[in-house]
Number of protein chains: 2
Amino acid sequence: MKTVPHITDAEWEVMKVLWNQSPRTANEVIEAMQDQTDWKPKTIRTLLNRLTQKQALSFTQENRVYAYFPLVSEGECVKSETQSFLKRMYGGAFKPMLVNFLKEEQLSEEDIKELKQLLENKSK
Amino acid sequence: MKTVPHITDAEWEVMKVLWNQSPRTANEVIEAMQDQTDWKPKTIRTLLNRLTQKQALSFTQENRVYAYFPLVSEGECVKSETQSFLKRMYGGAFKPMLVNFLKEEQLSEEDIKELKQLLENKSK
DNA sequence: CACTCAGTATTACATTTGTAATCCATACTT
DNA sequence: AAGTATGGATTACAAATGTAATACTGAGTG
């Protein structure tokens, strides 16, 4: 299975913007992030660079300007991060985590119904 | 709510040993970790120190020797790490993560039954 | 009492990460 | 053609992290 590069917290924010829509130029990414963060444009460019170096992003060039797009899907990354997380927290076992979460977390009647439905489907 | 210090990957391994049983001397911790890791004793002592500084551990002193014990529970730490994780992956929303997990992961018929049972209990 | 050994405390050092600033090249302006 | 502005490339720098090594100190040993 393909290994995805490790994406840090700050980088993750940038990836989310590009997963949401791509390709986008650096300036478009910067623009899109004005609300979520107060990072300086230079900071965001640094993150774009690092993500490109670690091959999480690539870009096409139009004149002087790069348009970035993801090389890895959100799903892949989420899955990969989840694996590490699971490993750290629960020694890699999935079910104990679920059990713990279900005990701890608030869920609406609606949510519970939906989850039960999912479990139904899985069991068939 | 009490804030737990941030515990890094390497430190987490040490905490697990002490959550499992405590108090333990540095040497006992080192001993216990021989299987899981190939860290040098000095490395483990460094981690014990850092954890003590960030008040995740404390110790009692018997003669020349320290016996370490956790100041934060595994549950607290798991919960806290889970919050950050959730925030990063799913913008903090719990249910989407569950949905995703349930879709992705393998679960035995047994597991599914158990989880459904948990959901049942929650809904009442 | 001098020496050694075992623990603890202090220091080391490369890498990663967060957070930018400065330098460079080129496209447009005058 | 020279000057300016804009976007990319390079450099910066502190804190956190992984991974130890060295220094110090007191307790037991000869």
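Residues numbered from 1 in each chain as written. Chains lettered and ligands numbered in written order. Predicted model: local features only at pLDDT ≥ 70, side-chain atom pairs only at ≥ 80, totals over all residues. Heavy atoms only, no water.

**A few points about the sheet that holds strand E3 (residues 65-70) of chain A**
Residues and elements named next belong to chain A. Rule in force here: A strand pair is defined by DSSP finding two or more bridges across the two strands. Secondary structure elements are defined from DSSP: runs of H or I of at least 4 residues count as helices, runs of E of at least 2 residues count as strands, and each element is numbered from the N terminus. Throughout, a residue-residue contact means that at least one pair of heavy atoms, one from each residue, lies within 4.5 Å. Simply put, an axis is a line fit to the C-alpha atoms, just over the touching stretch for a helix, and the angle between two N-to-C directions goes from 0 to 180 degrees.
Reading across from one edge, E1-E3-E2 is the order of the 3 strands in this open sheet, with antiparallel pairing throughout. The sheet is open, and its two edges are formed by strand E1 (24-25) and strand E2 (57-62), each paired on a single side. Pairing analysis gives 2 bridges linking E1 to E3, with the strands arranged antiparallel. Of the residues in E3, the one forming a bridge with Thr25 is Ala67. Against the sheet, helix H1 (residues 9-20) makes contact with E1, E2 and E3, and its axis sits at roughly 90° relative to E3, the strand it touches most.

**Considerations on the domain arrangement of chain A**
Note the threshold: What marks off one domain from the next here is an automatic or database domain assignment.
Assigned domains of chain A: these are domain 1 (9-70) and domain 2 (74-123). The C-alpha-based centres of domain 1 of chain A and domain 2 of chain A are spaced at 30 Å.

**Observations concerning the packing of helix H2 (residues 26-33) of chain A against helix H3 (residues 41-53) of chain A**
All names here are of chain A. To keep it simple, the criterion reads: Any angle that is under 35 degrees is reported as roughly parallel, and any over 145 degrees as roughly antiparallel; angles of 65 to 115 degrees are reported as roughly perpendicular and all others as oblique. Left-handed describes a crossing whose near helix is turned anticlockwise from the far helix through less than a right angle; right-handed describes the clockwise counterpart. Three residue categories are used. Nonpolar comprises Ala, Val, Leu, Ile, Met, Phe, Trp, Tyr, Cys and Pro, charged comprises Asp, Glu, Lys and Arg, and polar comprises the others, including Gly.
Packing of H2 against H3 leaves a shortest axis separation of 10 Å and a crossing angle of 120°. The orientation of H2 with respect to H3, classified from their angle, is oblique. At the point where H2 passes H3, the crossing takes the right-handed sense. Across the interface between the two elements, Ala26, Asn27, Val29, Ile30 and Met33 from H2 touch Pro41, Ile44, Arg45 and Leu48 from H3. Across the contact of H2 with H3, the residue classes break down as 7 nonpolar, 1 polar and 1 charged.

**What about the protein's contact with DNA strand D?**
Selection rule: By convention in this text, a residue qualifies as near a molecule or strand provided that one of its non-hydrogen atoms is within 4 Å of it. In protein, a polar contact means a hydrogen-donor-capable atom and an acceptor-capable atom, both N or O and within 3.5 Å, with residues adjacent in sequence counting only if both atoms are side-chain atoms; elsewhere, any N or O pair within 3.5 Å suffices.
Residues in close proximity to DNA strand D total 21 residues, the closest being Arg45(A), Tyr66(A), Thr8(B), Thr43(B) and Thr46(B). The protein-proximal atoms of DNA strand D, defined as those within 4 Å of the protein, are 63% sugar or phosphate. Asn27(A) is positioned such that a nitrogen or oxygen atom in its side chain is 3.1 Å from a phosphate oxygen of DNA strand D. Separating a phosphate oxygen of DNA strand D from a side-chain N or O atom of Tyr66(A) is a distance of 2.8 Å. At the level of secondary structure, the elements contributing two or more residues to the surface near DNA strand D comprise H2, H3 and E3 of chain A together with helix H1 (9-20) and helix H3 (41-53) of chain B. Of all the elements, H3(B) adds the most residues to the surface near DNA strand D, at 5 residues. Class assignment for the residues of the surface near DNA strand D results in 6 nonpolar, 6 polar and 9 charged.

**Overview of the relation of the copies chain B and chain A**
The following threshold applies: Only residues with pLDDT of at least 70 in both copies count here: their C-alpha atoms drive the least-squares fit that superposes the copies.
Rotating chain B by 179° and translating it 0.0 Å along the rotation axis places it on chain A, where the RMSD comes to 0.1 Å. Taken together, these values place the two copies in the relation of a two-fold axis. Judged by C-alpha distance, Lys116(B) is the residue of chain B that lies nearest the rotation axis, at 3.1 Å.

**Topic: the sheet that holds strand E3 (residues 65-70) of chain B**
Each strand in a sheet pairs with its neighbour through backbone hydrogen bonds, running either in the same direction (parallel) or in the opposite one (antiparallel). Residue and element names in this part refer to chain B. If you trace the 3 strands from one edge of the open sheet to the other, you get E1-E3-E2, paired in antiparallel fashion. Either end of the sheet is taken by a strand with one partner, and the two such strands are strand E1 (24-25) and strand E2 (57-62). Each of E1, E2 and E3 is contacted by H1, which is oriented at about 90° to E3, the strand it contacts most.

**Focus: the protein's contact with DNA strand C**
Around DNA strand C, a shell composed of 21 residues is seen, among which Thr8(A), Thr46(A), Arg64(A), Arg45(B) and Tyr66(B) lie nearest. Sugar plus phosphate: this is where 65% of the atoms of DNA strand C within 4 Å of the protein reside. Between Asn27(B) and DNA strand C, the recorded distance is 3.0 Å, taken from a side-chain N or O atom to a phosphate oxygen. At 2.3 Å from a phosphate oxygen of DNA strand C is found a side-chain nitrogen or oxygen belonging to Arg45(B). Class assignment of the residues belonging to the surface near DNA strand C gives a composition of 5 nonpolar, 6 polar and 10 charged.

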